[in-house]
Amino acid sequence: MNFGLRMVSEPDQAPIHSITLFVALLCACILIGHLLEKHRWINESITALAIGLCTGTLILLTTQGRSSRILLFDEQFFFIYLLPPIIFNAGFQVKKKQFFRNFMTIMLFGAVGTLISFIIISLGTAQLFKKLDIGFLDTVDYLGLGAIFSATDSVCTLQVLDQEETPLLYSLVFGEGVVNDATSVVLFNAILRFDLSHITSSSAIHLLGNFFYLFGASTVLGIAVGLISAYIIKKLYFGRHSTDREVALMILMAYLSYIMAELFNLSGILTVFFCGILMSHYTWHNVSESSRVTTKHAFATMSFISEIFIFLYVGMDALDIEKWKIVSKSPGKSIGVSSILLGLVLVGRAASIFPLSFISNLTKKSQSDKIGFKQQIVIWWAGLMRGAVSMALAYNQFTRSGHTQLPGNAIMITSTITVVLFSTVVFGLLTKPLISFLLPRKHTMLPSDLTNLKLLNLPLLANGQDSESEMNGDHIPRPVSLRMLLTTPSHTVHHFWRKFDDSVMRPVFGGRGFTAHVDGSPPERIIH
């Protein structure tokens, strides 16, 4: 495929006009999203999709049905330029204690759950699509569909929950979304790379080994780049001379981690995510106060713009007349394919979340750490949305140079668009009301009363466990003082990690407590 952006119109001045109009639409998405912010059931993604659909309709009318888009870009543009800032900012802003406390459950949902969903969708499409006679689809196409529709929308899931109000749910949904995207992309690339016409036990073992190698190598690369950036900034301390150099180096090294992963055929999503975690833990504390504020907002801003860009374009691309002309000859098949895919997404998601939640709960000793049934429903529902990753993979599988050649491929593309729009709009609109119904918000207590003040101090005394118990409806009094030390084990994985971090890592790579203090620096809780 051609790499990068292309303009739909051909006259010399058209590129400037197209870019101007698209930037104006991005501004409109931000303004309208701000005005609709008070409506909790509307998020930025739905706003951008709606504006994209309206714009696409106007362009269709003005061009007499020839086009619905202002710009053309292929899936490589999405993976190289738009996805990295979203994933990096997610790792940079994540609450690390919650994330790693639930790391095994996140990996269970994100890796094993994605494989379960992949198997169900692949087998389901292989059996059901043959009855519809939609065209020639081989084994690679069915396996590709399994990978495409196993990818949850990590952009939308970031907007589903507030990590301050529901830290356990947020860490599970968000962490699973990142691992899920990485797993889906690795699966998809493995399917395209291996010869599936002669599947043997040795080739299956080789595929599984390659899968775990990609996960491990990608994670190590992200950690390595994050540590290198921390060491360089700690030793040189650019803040004494130029804040611009500090900010530029952090941004470029973050992007370098992703590009290096792509260069070595690794998972850039995992690499840049763990690079973001390491940078927030070490590098961010080594820079000056102004650099901390600048980088925090710069990463968030780039991620925000990328999200709006993706959903605005998807909204316009949904009305591309080329694909729908082919599908219009057999509308019944298109509706049938979309319905089957949506049903398999629902079944695959349920088959992975509820059994794996049961397994995860078996390993939890504390009732507050277990995932309640209402929380399982929220996790299941939040992961039903399909978005930009599914679109990019579908274009890679079923188009050539951005165009659909075969009727079967056209049906697959339009069905993917239908599932993405339906799941994002319908499921997205219902997600927040569902959370409010299943997990109603607790009233915030005023610190004027002594009892309330003690309740506000419980997160510090209970090692952060009270928030999860509140979401489960369990108001269990926490031990305090010496009694807490006698009843709560202190020698945990986190305990040993903090000892190693304080004695070995921070003296070398910097971080909190090992750099010169700058007056007015943001408090630690902003990032942690």
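As recorded by an unreviewed UniProt entry, the protein chain carries the name Sodium/hydrogen exchanger and is attributed to Populus tomentosa.

**Q** Which residues make up the overall build of the protein chain, and what values go with them?
**A** Across its full length, the protein chain carries 22 helices and two strands. Looking at the 528 residues of the protein chain, the share that counts as buried comes to 52%. The long-range fraction of contacts in the protein chain, counting pairs at least 24 apart against all pairs at least 6 apart in sequence, stands at 82%. Within the structure as shown, the protein chain displays about 24700 Å² of accessible surface, and the carbon and sulfur contribution to it stands at 67%.

**Q** Please set out the packing of aromatic side chains residue by residue, giving values where relevant.
**A** Applying the stated criterion across every chain, the model contains 14 aromatic pairs. Arranged with centres 4.8 Å apart and planes meeting at 50°, the rings of Phe22 and Phe309 form a pair that is tilted. Of this pair, Phe22 sits in helix H1 (residues 14–35) while Phe309 sits in helix H12 (residues 289–317); the two residues are 287 residues apart in sequence, bridging distant segments of the chain. The same class applies to Phe22 as to Phe309, namely buried. Chaining the aromatic ring pairs together yields one cluster made of Phe354, Phe373, Trp380, Trp381, Phe422 and Phe427. Arg292 extends its terminal NZ or CZ atom over the ring of Trp284, reaching a point 5.3 Å from the ring centre.

**Q** Let's hear about the packing of helix H6 (residues 139–148) against helix H16 (residues 388–398): which residues, and what values?
**A** For the pair H6 and H16, the least separation of the axes is 9 Å and the interaxial angle reads 170°. Here H6 is positioned roughly antiparallel relative to H16, judged by the angle of their axes. Between H6 and H16 the crossing geometry is right-handed. Residues Val140, Asp141, Leu145, Ala147 and Ile148 of H6 pack against Ser390, Leu393, Ala394, Gln397 and Phe398 of H16.

**Q** Describe H16, with residues and values.
**A** Here H16 lies mainly inside the structure; 10 of its 11 residues are buried. By the burial criterion, the buried members of H16 are Ala388, Val389, Ser390, Met391, Ala392, Leu393, Ala394, Tyr395, Gln397 and Phe398.

**Q** Can you explain unusual backbone geometry? Please cite residues and give values.
**A** In this structure, Asn265 takes a positive phi of about 60° despite not being glycine. Take Asn265: it is sitting in the loop between helix H10 (243–263) and helix H11 (268–281).

**Q** Kindly report on H6, identifying the contributing residues and their values.
**A** Within H6, seven of the 10 residues are buried, which leaves it mostly tucked inside the rest of the structure. Taken residue by residue, H6 has Asp141, Tyr142, Gly144, Leu145, Gly146, Ala147 and Ile148 as its buried positions. Structurally, H6 contributes buried residues whose contacts are with helix H5 (103–132), helix H8 (167–193), H16 and helix H17 (407–438).

**Q** I'd love a proper account of the environment of Val112, names of residues and values included.
**A** With respect to the helices and strands, the residue Val112 is situated in helix H5. Assessed through its relative accessible area of 34%, Val112 is described here as partly exposed. As a C-alpha pair, Val112 and Ser352 span 240 residues in sequence and 7.8 Å in three-dimensional space. Each residue touching Val112, except ones within four places of it in the same chain, is listed here: Met107 and Leu356.

**Q** Account for the side chain of Ser390, naming residues and giving values.
**A** Mapped onto the secondary structure, Ser390 falls in helix H16. By relative accessible area, Ser390 is classed as buried at 0%. In terms of polar contacts, Ser390 uses its side chain to reach the backbone carbonyl oxygen of Ala151, at 3.3 Å.

**Q** Break down the nonpolar core for me, citing the residues and quoting the values.
**A** Phe78, Phe129 and Met412 are the most contacted members of the largest nonpolar core, which has 120 residues in total. Top contributing element to this core by residue count: H8, with 14 residues. Not counting the four nearest positions on each side in its chain, Met412 is found in contact with Phe129, Ile134, Leu137, Leu145, Val337 and Phe398. Counting residues in hydrophobic clusters, the runner-up holds six residues, among them Leu227, Ala230, Tyr282 and Met505.

**Q** With reference to specific residues and values, describe the pattern of salt bridges.
**A** Taken as a whole, this structure holds three salt bridges when the rule is applied. Glu176 is the salt-bridge partner of Arg349, the closest N and O atoms lying 2.4 Å from each other. With Arg349 in helix H14 (residues 331–362) and Glu176 in helix H8, this residue pair connects regions lying 173 residues apart in the sequence. Residue Arg349 is classed as buried on the basis of its relative accessible area of 5%.

**Q** Please set out the packing of helix H2 (residues 44–62) against H17 residue by residue, giving values where relevant.
**A** It is the contact of H2 with H17, at a shortest axis distance of 10 Å, that shows an interaxial angle of 135°. The pairing of H2 with H17 is recorded here as oblique in orientation. Where H2 crosses over H17, the two elements pack in a sense that is left-handed. Residue-level contacts link Ile46, Leu49 and Leu53 of H2 to Leu421, Thr424, Val425, Gly428 and Leu429 of H17.

What counts as what
Residues numbered from 1 in each chain as written. Predicted model: local features only at pLDDT ≥ 70, side-chain atom pairs only at ≥ 80, totals over all residues. Heavy atoms only, no water. Helix = DSSP H or I, 4+ residues; strand = E, 2+ residues; numbered from the N terminus. Buried < 20%, exposed > 50% of the residue type's maximum accessible area, 1.4 Å probe, protein only. Contact = heavy atoms within 4.5 Å. Areas by Shrake-Rupley, 256 points an atom, 1.4 Å probe, with all protein chains shown as cover. Phe/Tyr/Trp six-rings, centres within 6.5 Å; stacked < 30°, edge-to-face > 60°. Lys NZ or Arg CZ within 6 Å of the ring centre and 35° of its normal. Axes fitted to C-alpha atoms, helices over the stretch in contact; angles between N-to-C directions. Parallel < 35°, antiparallel > 145°, perpendicular 65-115°, else oblique. Left-handed = near helix turned anticlockwise from the far one by under 90°. Polar contact = N/O pair within 3.5 Å; in protein donor to acceptor, adjacent residues only side chain to side chain. Core = buried A, V, L, I, M, F, W, Y, C linked by side-chain atoms within 4.5 Å. Salt bridge = Lys/Arg side-chain N within 4 Å of Asp/Glu carboxyl O.

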